[in-house]
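The chain contents come next:
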Amino acid sequence: MKQKAAKLYIGIVASLGLIVLVASSLNARTSGIDPVMFVFILVLVGIAQRNPVVLFRSSAISVAFAVKIAAYVLFGSPVALWATIVVVAVNAYTPQPKPARKVIFNFGQFMLSTYLASSTYQLLGGMVPPGAFVPTMLAVAVSAAVYFVTSSALTAGVITLTSAARFVDVWVQNFAWMPVNYLATAVNGAALALAYQSLGVIGVIVFVLPLGIAWYSFKLYMMKSTQLRERNRELVSMNESLQRTSERLETSHVSVIAALLGSLAAKDRSTDGRSAVSMQHALAVAKALGLGQDEIAAVNLGALFHDIGKIGIPEHILRKPSALTDEEWAEMKTHPIIGANLIGEVPNLERIRPIVLAHHEHYDGSGYPNGLKGDEIPLAAQIISVADTYEAMTSTRPYRAALGHDEAVAELRRVAGSQLNPIVVEAFIRQIETGASGAAHAHDGVEHVHVLDRAMEVVRLSMN
């Protein structure tokens, strides 16, 4: 369907171009045309078109436009359209041979653009040959705008019909930057006509220099633009490569941390299953307290990784069946710092580093490692601390039996306001006693998911 529309569009444009050429030629008055200047215009327009500046998407522009302006200012529409025939002929092979369909379309759009520009010039009072300087320049400026709008719209239209691009995108990419250059080129064309009228052929030769400068400005702009586009493509490619590398490194870091978590589970049997249960309790409390999605995600990760630092604690301390000595307890207290340092190596886990570091801080400031108190402690860490304390009390240890649910709740309330945040404690008790956490009363019904798989799953979800 789009191809048929493109063929119809090209046919209409070419037909209209042929009509205006024939009609203008039949009404041409050749008596007022200087043969020398006429030949000079045809040669100059051919040279200008032979050295175009290639634009994006294989389109091109040349300063032949200025010569056509000089033609219709000096001799009217017929000479400008005859000069356009030269432009079409040269354009058919420059910068490379074009298919017949493209040549036919270019013929039509060049003819229509030139004819409408020439007609606009005369409708605005532009004289042929030119009269006063200011009226001539004003009429030329408006006619150049008409030429630009017609040519760019027709060309963008055919590109749109023969590609998947939108009209606006095509126009902006190829033509949005060109109005000022068209205006400058039009002024050069008018100056060329006025120079010929005042000084003859010598004046024309002198004013060919501005056309050369206009051509060079086009070429320089496109060269710099092409270099910039190539550089941008290189940067995009490099960014994509760096992104892929970063993602691989991120996955690698998470895999290492998760593997360490798995090693910890094997090393410290008292943690087996506790992270999963603590996570369920902590998430339920976080939701009950009305935390946002980002904060809930932080609680999720914090509950999973809060004890990761124990990987740096000697196994004989972790598995000691009796109470720890002062020296052993001092070493055990370093695990939040060790964990925070490990987590800090993974950019996407950086946000839970304060949680890992503070999960043994007490509400009254008596905790470790930094003696934080009250609101100085991240709320996520306070939630995890309550859940972790409950799980620790209801779990059997080598040196003591597990407490029952009622005893554990009583102990939580006893230390509320000193060790634990009382608001979090009450929210936790409400959740666990109503069964909202899905994991009430110690480990009943808890599914022990492999810790490495759980870590990878949680971190992957947090990265999305």
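Residues numbered from 1 in each chain as written. Predicted model: local features only at pLDDT ≥ 70, side-chain atom pairs only at ≥ 80, totals over all residues. Heavy atoms only, no water.

**Thoughts on the overall build of the protein chain**
1) Next: Assigned secondary structure in the protein chain consists of 19 helices and two strands.
2) Next: When burial is assessed residue by residue, the protein chain has 46% of its 464 residues classed as buried.
3) Next: Considering only contacts in the protein chain between residues 6 or more positions apart, those separated by 24 or more positions represent 70%.
4) Next: A total accessible area of about 22,600 Å² is found for the protein chain, and carbon and sulfur atoms account for 62% of it. (Helix = DSSP H or I, 4+ residues; strand = E, 2+ residues; numbered from the N terminus. Buried < 20%, exposed > 50% of the residue type's maximum accessible area, 1.4 Å probe, protein only. Contact = heavy atoms within 4.5 Å. Areas by Shrake-Rupley, 256 points an atom, 1.4 Å probe, with all protein chains shown as cover.)

**Some details on the environment of Asp-388**
1) Next: Mapped onto the fold, Asp-388 is located in helix α16 (residues 379–393).
2) Next: Counting along the chain gives 109 residues from Asp-388 to Met-279, while the straight-line C-alpha distance between them is 8.9 Å.

**A word on the nonpolar core**
1) Next: Ranked by internal contacts, the top residues of the largest apolar core, which has 55 residues, are Ile-41, Phe-65, Ile-69, Tyr-72, Val-73, Phe-75 and Val-140.
2) Next: For this core, the secondary structure elements donating two or more residues are α1 (2–26), α2 (35–50), α3 (64–75), α4 (77–91), α5 (100–123), α6 (133–161), α7 (167–175) and α8 (179–199).
3) Next: Excluding anything up to four places from it in sequence, Val-73 contacts Tyr-121, Met-127, Val-128, Pro-129, Pro-130, Thr-136, Val-140 and Ala-193.
4) Next: The next biggest cluster of nonpolar side chains, apart from the first, holds 41 residues, and it includes Met-279, Leu-301, Ile-377 and Ala-387. (Core = buried A, V, L, I, M, F, W, Y, C linked by side-chain atoms within 4.5 Å.)

**Some details on unusual backbone geometry**
1) Next: Cis geometry marks the peptide bond from Val-128 to Pro-129, where omega comes out at -5°.
2) Next: In this structure, Pro-129 sits in the loop between α5 and α6.
3) Next: That bond from Tyr-368 to Pro-369 is cis: its omega, 10°, falls within 30 degrees of zero.
4) Next: Structurally, Pro-369 can be placed in the loop between α15 (353–358) and α16.

**Concerning α7**
1) Next: Restricting attention to buried positions, one finds in α7 the residues Val-170, Asn-174 and Phe-175. Projected down its long axis, α7 shows its buried positions confined to an angular sector of 80°, all on one face.
2) Next: Of the surrounding secondary structure, the elements contacted by the buried residues of α7 are α6 and α8. (Arc of directions from axis to C-beta.)

**Here's the deal with the packing of α4 against α5**
Between two packed helices, the angle of one axis relative to the other and the distance separating the axes together describe the packing.
1) Next: Viewed as axis vectors pointing N to C, α4 and α5 meet at an angle of 155°, and their least axial separation amounts to 9 Å. Looking at the two axes, α4 sits roughly antiparallel to α5. In this structure, α4 meets α5 at a crossing whose hand is right-handed. Where α4 approaches α5, its residues Ser-77, Ala-80, Leu-81, Thr-84, Ile-85, Val-87, Val-88 and Asn-91 are matched on the opposing element by Val-103, Asn-106, Phe-107, Phe-110, Met-111, Thr-114, Tyr-115, Ser-118, Ser-119 and Gln-122. (Axes fitted to C-alpha atoms, helices over the stretch in contact; angles between N-to-C directions. Parallel < 35°, antiparallel > 145°, perpendicular 65-115°, else oblique. Left-handed = near helix turned anticlockwise from the far one by under 90°.)

**Brief notes about a nonpolar patch on the surface**
1) Next: A cluster of nonpolar side chains, Leu-8, Ile-12, Leu-16 and Ile-19, forms an exposed patch at the surface whose accessible area comes to about 390 Å².
2) Next: Relative to the helices and strands, Leu-8 resides in helix α1.
3) Next: Assessed through its relative accessible area of 56%, Leu-8 is described here as exposed. (Patch = residues over 30% accessible without salt bridge, like charges linked within 9 Å, V, L, I, M, F, W, Y side chains within 5 Å. Salt bridge = Lys/Arg side-chain N within 4 Å of Asp/Glu carboxyl O.)

**Some details on the environment of Met-137**
1) Next: Along the chain, Met-137 turns up in helix α6.
2) Next: Taking C-alpha positions, Met-137 is 9.7 Å from Tyr-121, a pair spaced 16 residues apart along the chain.
3) Next: In this view, Met-137 contacts Val-187, Ala-190, Ala-191 and Leu-194; residues no more than four positions away in its chain are not counted.

**A closer look at the packing of aromatic side chains**
1) Next: As enumerated under the stated definition, the model contains eight aromatic pairs in all.
2) Next: With a centroid separation of 6.1 Å and 90° between ring planes, the pair formed by Phe-38 and Trp-82 is classed as edge-to-face. Pair noted here: Phe-38 is in helix α2 and Trp-82 is in helix α4, with a separation of 44 residues, a long-range link. (Phe/Tyr/Trp six-rings, centres within 6.5 Å; stacked < 30°, edge-to-face > 60°.)

**With respect to the pattern of salt bridges**
1) Next: In this structure the tally under the stated criterion is seven salt bridges.
2) Next: Its salt-bridge partner being Glu-315, residue Arg-319 comes within 3.5 Å of it at the nearest N-O pair.
3) Next: Overall, Arg-319 belongs to the partly exposed group, its relative accessible area being 39%.
4) Next: When the shortest N-O distance is used, the salt bridge between Glu-426 and Arg-413 registers 3.1 Å.

**Some points on the confidence of the model for the protein chain**
1) Next: Scored by pLDDT, the protein chain has a mean of 81; 79% of the residues are at 70 or more.
2) Next: Per-residue pLDDT, averaged within each element of the protein chain, yields its smallest value for helix α19 (residues 451–463) (49) and its largest for α5 (94).
3) Next: Scored below 50 in pLDDT, residues 436–452 makes 35 contacts in the model with residues more than four places away or belonging to other chains. (pLDDT = per-residue confidence, 0-100.)

**Observations regarding the packing of α1 against α4**
1) Next: In contact at an axis separation of 9 Å, α1 and α4 are set at 135° when each is read in the N-to-C sense. By the angle between their directions, the pair α1 and α4 is classed as oblique. Crossing of α1 against α4: the hand is left-handed. Touching Val-20, Leu-21, Ser-24 and Ser-25 of α1 are Ser-77, Pro-78, Leu-81, Trp-82 and Ile-85, all from α4.
2) Next: Tallied by class, residues from the contact of α1 with α4 come to six nonpolar, three polar and no charged. (Nonpolar A, V, L, I, M, F, W, Y, C, P; charged D, E, K, R; others polar.)

**A short note on the side chain of Thr-84**
1) Next: Along the chain, Thr-84 turns up in helix α4.
2) Next: Relative accessible area serves as the criterion here: at 0%, Thr-84 is assigned to the buried category.
3) Next: Within the structure, the side chain of Thr-84 is placed 3.3 Å from the side chain of Thr-114, a separation counted as a polar contact.
4) Next: Not counting residues up to four positions away in its chain, the partners in contact with Thr-84 are Lys-68, Phe-110, Met-111 and Thr-114. (Polar contact = N/O pair within 3.5 Å; in protein donor to acceptor, adjacent residues only side chain to side chain.)

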